[in-house]
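As a plain string of letters, each chain reads:
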Amino acid sequence: MNSSRILQGKHAVVFGAGGSIGAAVAKEFAAEGAEVFLAGRTMSNVEEVARQITKDGGRAHAAALNAIDDAAVNEYIDGIARQIGSIDIVFNAAGPLAKEYGNGKNAVDLEIEEFMAPVTTVLKSQFITARAGARHMVKQHSGVIIFLTGSPARGHVEGATAIGAAFGAIESLMENLAVEISPSGVRVVCLRTTANTDSRTIQQTMDALAGKMNVTREQMIAKMASLNFLKVPASIYDTAKAAVFLASDRARMMTGTVVNSTAGAALD
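Keep in mind that this is a model prediction, so the values were computed, not measured. (Residues numbered from 1 in each chain as written. Predicted model: local features only at pLDDT ≥ 70, side-chain atom pairs only at ≥ 80, totals over all residues. Heavy atoms only, no water.)

As a further point, take the overall build of the protein chain. A count of helices and strands for the protein chain gives eight helices and seven strands. A compact globule built from 268 residues would reach a C-alpha radius of gyration of about 18 Å, and the protein chain, at 18 Å, matches this within 12%. Viewed in the frame of its principal axes, the protein chain has a C-alpha envelope of about 55 × 40 × 35 Å. Across the 268 residues in the protein chain, those meeting the buried criterion constitute 50%. Within the protein chain, residue pairs in contact and separated by at least 24 positions form 73% of the contacts whose partners lie at least 6 positions apart. For the protein chain, the centre of its 25 positive side-chain charges and the centre of its 26 negative side-chain charges are spaced 4 Å apart. (Helix = DSSP H or I, 4+ residues; strand = E, 2+ residues; numbered from the N terminus. Rg over C-alpha atoms; globule rule 2.2 N^0.38 Å. Buried < 20%, exposed > 50% of the residue type's maximum accessible area, 1.4 Å probe, protein only. Contact = heavy atoms within 4.5 Å. Lys, Arg positive; Asp, Glu negative; His and termini not counted. Charge placed at Lys NZ, Arg CZ, Asp CG, Glu CD.)

Here we take up the nonpolar core. Ranked by internal contacts, the top residues of the largest apolar core, which has 43 residues, are V13, F15, Y76, I87, I145, F147 and V188. Mapped by element, the contributors of at least two residues to this core are strand 1 (11-15), strand 2 (35-40), helix 3 (70-84), helix 4 (112-140), strand 5 (144-150), helix 5 (161-181) and strand 6 (187-193). A total of nine residues in this core trace back to one element, the largest contributor, which is helix 5. Discounting residues that sit within four places of it in the chain, F15 has contacts with A39, L65, A67, V73, Y76, I77, V90, F91, N92, A93, A94 and T129. Grouped together as the second largest cluster of nonpolar side chains are 33 residues, A30, V144, I146 and V189 included. (Core = buried A, V, L, I, M, F, W, Y, C linked by side-chain atoms within 4.5 Å.)

Quick look at the sheet that holds strand 3 (residues 59-64) now. Read across the sheet, seven strands follow the order 3-2-1-4-5-6-7 without closing on themselves; strand pairing throughout is parallel. The sheet is open, and its two borders are formed by strand 3 and strand 7 (257-261), each paired with just one other strand. Taken pair by pair, the neighbouring strands of this sheet meet at an average axis angle of 20°, ignoring direction. Pairing between strand 2 and strand 3: six bridges, direction parallel. (Pairing = 2+ DSSP bridges. Axes fitted to C-alpha atoms, helices over the stretch in contact; angles between N-to-C directions.)

Despite not being glycine, H141 shows a phi value in the positive range, around 60°. Within the secondary structure layout, H141 lies in the loop between helix 4 and strand 5. The phi angle at A263 is positive, at roughly 55°, despite the residue not being glycine. Note on placement: A263 falls in the segment after strand 7. Overall, A263 belongs to the partly exposed group, its relative accessible area being 27%.

How two helices sit against one another is set out by the angle between their axes and by the gap between those axes. Between helix 6 (residues 200-213) and helix 7 (residues 217-225), the least distance of the axes is 9 Å, while the angle of their chain directions is 110°. With respect to helix 7, the element helix 6 is oriented roughly perpendicular. In this structure, helix 6 contributes I202, Q203, M206, D207, L209, A210 and M213 to the contact, and helix 7 contributes R217, M220, I221, K223 and M224. When grouped by side-chain class, the residues that make up the contact of helix 6 with helix 7 number eight nonpolar, one polar and three charged. (Parallel < 35°, antiparallel > 145°, perpendicular 65-115°, else oblique. Nonpolar A, V, L, I, M, F, W, Y, C, P; charged D, E, K, R; others polar.)

With that out of the way, let us pick up helix 5. Taking 1.5 Å of rise per residue, the 21 residues of helix 5 would be expected to cover 30 Å, and the 30 Å separating its terminal C-alpha atoms lies within 8% of that figure. Those residues of helix 5 lying buried are A162, I163, G164, A166, F167, I170, E171, L173, M174, L177, A178 and I181. Next to the buried residues of helix 5 lie helix 4, strand 5, strand 6 and strand 7. (Expected span 1.5 Å × (residues − 1).)

Overall, the coordinates contain two aromatic pairs when judged by the stated rule. An angle of 75° between the planes, with centres 6.0 Å apart, marks the rings of F15 and Y76 as edge-to-face. Of this pair, F15 sits in strand 1 while Y76 sits in helix 3; the two residues are 61 residues apart in sequence, bridging distant segments of the chain. Residue Y76 is classed as buried on the basis of its relative accessible area, which comes to 15%. When the centroid spacing of 6.4 Å and the interplanar angle of 85° are considered together, the rings of F29 and F91 count as edge-to-face. Here the residue F29 occupies a position in helix 1 (residues 20-31), and F91 occupies one in strand 4 (residues 89-92), the gap between them amounting to 62 residues. Neither residue differs from the other here; F29 and F91 are each classed as buried. (Phe/Tyr/Trp six-rings, centres within 6.5 Å; stacked < 30°, edge-to-face > 60°.)

Okay, structure coming up:
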C-alpha cells in the first residue's frame, strides 16, 4: 500500500458520481486512498464507476439517489455515518442537461423555466448535500465540503446567464456556510473550473453551438480554450486533481474561499 496517498483513511461521499466530472473525481479520491460512497440517479452508471474503482484496487460503494431529494440525501448520509463513523469529504457534481437551462442562449431569449432550472437543481442540491454533510462534520469537528462552480460565476461569455446566476449563488452559499461551521473545524471551499471540454455538459453545449455557428466540434474546443490565459482546453481530470488537493490536509488552511481553476478565463 502506498502510504503517501494524500486521502488515505478518508471517507468521501460523491453525488452525481455517474456523470463525467463526478466519476473522475470519485476515481481520483479512491486512487489517493479514500473510501468512496457514490450516489447518482442512474444505478447502472454509478455501479460502473464503482466497478472501475474496485478493479483498480480502490474501495467504492454505489447507491441510486437524486441529490435534490432532501429526505433521501439525509438518510443516505446518516446511514454512512452510522456505518463507518465519520464523513470526511462531501463533493457534489450533480446537474441537469445543458439544454434544460438554455446553455448558449442569450438572457433575453431564456424562458423563465430555463433560467430557474439551475437554481432548482444545481443550487438546491448543493445546499441539500452540504447541509447533510455539515450536520455530521460539525459534531465530529472535522471534514471538508467542496462546492463546484464554473467560470460563468463571473460574467465573461455570452449564453451562460442561467448557470452563471446559480454558480454565483453557490459561491455566496459557500462563504456563508464557512462563516457558520468553520469555527467547528469544518472546511468549506468552492472549486471554480473553466469549461471541461470532455464533460457531458460542455460536449452538449459545443454540439449545440457548433450547429448554430456552422463550425466543427474541434473548432469549438479551440474557441473555448482561447478564452483562458493558458490557451489550452481543461479536462475533467484537471478538475478531479484540484478536488483531491482541496480535500486533502495539504489545503488545511483553506476555507471560505473560491479556488479559481479557470486558467484566467474568469478573473476575481
